[in-house]
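Listed below are the residues making up each chain.
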Amino acid sequence: MTQDARFTRERTMYRFTAREVTVLAVSRPVPTIARVTLAGPDLYDFESTGPGDHAKIFFPHPFTGELIAPVAAGPGEDGIVRPDGQTFGRDFTPLNVRDEAGGRVFDLDFFLHDDPGPASAWAERAAVGDRIVVVGPRGTQSVPTGIVSLLCLVDPTALPATVRWINALPEDTEVEVIADVDYDALDWVEEYLREGTGREILVREPLGGLDQALLDSEITDNTFVFAAGDANRLIPLRRVIRDELGLPRAQYQISGYWRRGEANFDHHGPIDPSDPESIED
């Protein structure tokens, strides 16, 4: 069996639209993560079933508080109408999509840190009743078949997606997480994963960098590799996957969520600016 056949994934498209939502609740699953629960009638057909799903979240202007965002093309229609004026949109992983008494809701988890951008600054002071706009997900990929072990190499911004990957797999799947954080942050990473998955997950720091951590890991034909976070940190990792390990494309997923020093990073663009072909997600 080829690796492409072993790690088969199904693609599903969703209705692509803009949805206005309001904050239903705010909590702290761990001190460094703000969880914002969102609700609203526009979510009646909102779906997110794949571990790598992302939606673009539009936040109010950080200084004026004005919310400028796309709107739906029309009731039940596919598409959006983009606004005039500056927008503040960032990609996030929807979590815990569910139906409650008042309708469909879902969570967004925000990593709180020094020198916050518009998203984390908004989340830190978010209050019940605040409004934002959600665009997407446009579609999804199912969890690959044939995974016996999962290796995640991620920074804090990718921990929500890591939770989704773990929860999408059978409980007997071997999981290891390499967290791109300082050693003293490993405890809260483990606590966050425990809260989100109900499992005790082995977490270690990437001594020597993410690329060396990958080389130090045991990768078999049944291991799926998920790597996400700062695109700059993923460049040497991608080179190891491609040039040294020679993993087939079906056996890994790399997603540059952001790039240090670059505002409004487009995760659909190349991870490595020197390599236009390095579009992985």
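Residues numbered from 1 in each chain as written. Predicted model: local features only at pLDDT ≥ 70, side-chain atom pairs only at ≥ 80, totals over all residues. Heavy atoms only, no water.

1. Quick look at the overall build of the protein chain
Piece 1. Looking only at helices and strands, one finds six helices and 16 strands in the protein chain.
Piece 2. Since a compact globule built from 281 residues should have a radius of gyration of about 19 Å, the 19 Å found for the protein chain is in line with a globular shape.
Piece 3. For the protein chain, the share of sequence-separated contacts (at least 6 apart) that also reach a separation of at least 24 residues comes to 75%.
Piece 4. Here the protein chain has roughly 13,400 Å² of accessible surface; of this, 49% comes from carbon and sulfur atoms.
Piece 5. For the protein chain, the separation between the mean place of its 26 positive charges and that of its 48 negative charges on side chains is 4 Å. (Helix = DSSP H or I, 4+ residues; strand = E, 2+ residues; numbered from the N terminus. Rg over C-alpha atoms; globule rule 2.2 N^0.38 Å. Contact = heavy atoms within 4.5 Å. Areas by Shrake-Rupley, 256 points an atom, 1.4 Å probe, with all protein chains shown as cover. Lys, Arg positive; Asp, Glu negative; His and termini not counted. Charge placed at Lys NZ, Arg CZ, Asp CG, Glu CD.)

2. Focus: the packing of aromatic side chains
Piece 1. Under the criterion given, the structure shown has ten aromatic pairs.
Piece 2. Among the aromatic residues, ring-to-ring pairing joins Phe7, Trp165, Phe224 and Phe226 into one connected group.
Piece 3. Its guanidinium or amino end placed over the ring of Phe16, Arg138 lies 3.8 Å from that ring's centre, counting from NZ or CZ.
Piece 4. Seen from the ring of Tyr252, Arg249 lies directly overhead, with NZ or CZ sitting 4.6 Å from the centre. (Phe/Tyr/Trp six-rings, centres within 6.5 Å; stacked < 30°, edge-to-face > 60°. Lys NZ or Arg CZ within 6 Å of the ring centre and 35° of its normal.)

3. Here's the deal with helix α6 (residues 231-245)
Piece 1. The terminal C-alpha atoms of α6, which comprises 15 residues, lie 20 Å apart, in line with the 21 Å expected from a rise of 1.5 Å per residue.
Piece 2. Listed as buried for α6 are Ala231, Leu234, Ile235, Leu237, Arg238, Val240 and Ile241.
Piece 3. Considering only its buried residues, α6 is in contact with β12 (149-154), α5 (210-215), β15 (223-230) and β16 (252-258).
Piece 4. Looking at where α6 begins, the residue whose side-chain oxygen comes 3.1 Å from the main-chain nitrogen of Asn232 is Asp230.
Piece 5. Where α6 terminates, the next one or two residues include Gly246, which has phi positive at roughly 60 degrees. (Expected span 1.5 Å × (residues − 1). Buried < 20%, exposed > 50% of the residue type's maximum accessible area, 1.4 Å probe, protein only. Polar contact = N/O pair within 3.5 Å; in protein donor to acceptor, adjacent residues only side chain to side chain.)

4. Examining the pairing of strand β13 (residues 174-179)
Piece 1. Taken across its six residues, β13 has five buried, putting it largely inside the fold.
Piece 2. As paired elements, β12 and β13 share six bridges and run parallel to each other. Looking at the pairing, Ser149 lines up with Glu174 of β13.
Piece 3. You can see the chain leave β12, run along helix α3 (residues 159-167) and come back into β13, and the turn it takes is right-handed. (Pairing = 2+ DSSP bridges. Right-handed = clockwise from strand over helix to strand, strands pointing away.)

5. Description of the sheet that holds β16
Piece 1. The strand order across the open sheet formed by five strands is β14-β13-β12-β15-β16, and the pairing between neighbours is parallel. Edge positions in the sheet fall to β14 (202-204) and β16, since each of these pairs with one other strand and no more. Between one strand axis and the next, the sheet turns by 15 degrees as a mean value, whatever way the strands run.
Piece 2. Judged from the six bridges that link them, β15 and β16 form a sheet pairing that is parallel. Within β16, the residue paired with Ala228 across the bridge is Ser255. (Axes fitted to C-alpha atoms, helices over the stretch in contact; angles between N-to-C directions.)

6. Topic: unusual backbone geometry
Piece 1. Cis geometry is found at the peptide bond from Gly136 to Pro137, where omega equals 0 degrees.
Piece 2. Inspection of the secondary structure puts Pro137 in the loop between β10 (131-135) and β11 (139-141).
Piece 3. Positive phi outside glycine occurs at Asn96, with the angle close to 55 degrees.
Piece 4. One can find Asn96 in strand β8 (residues 95-100).

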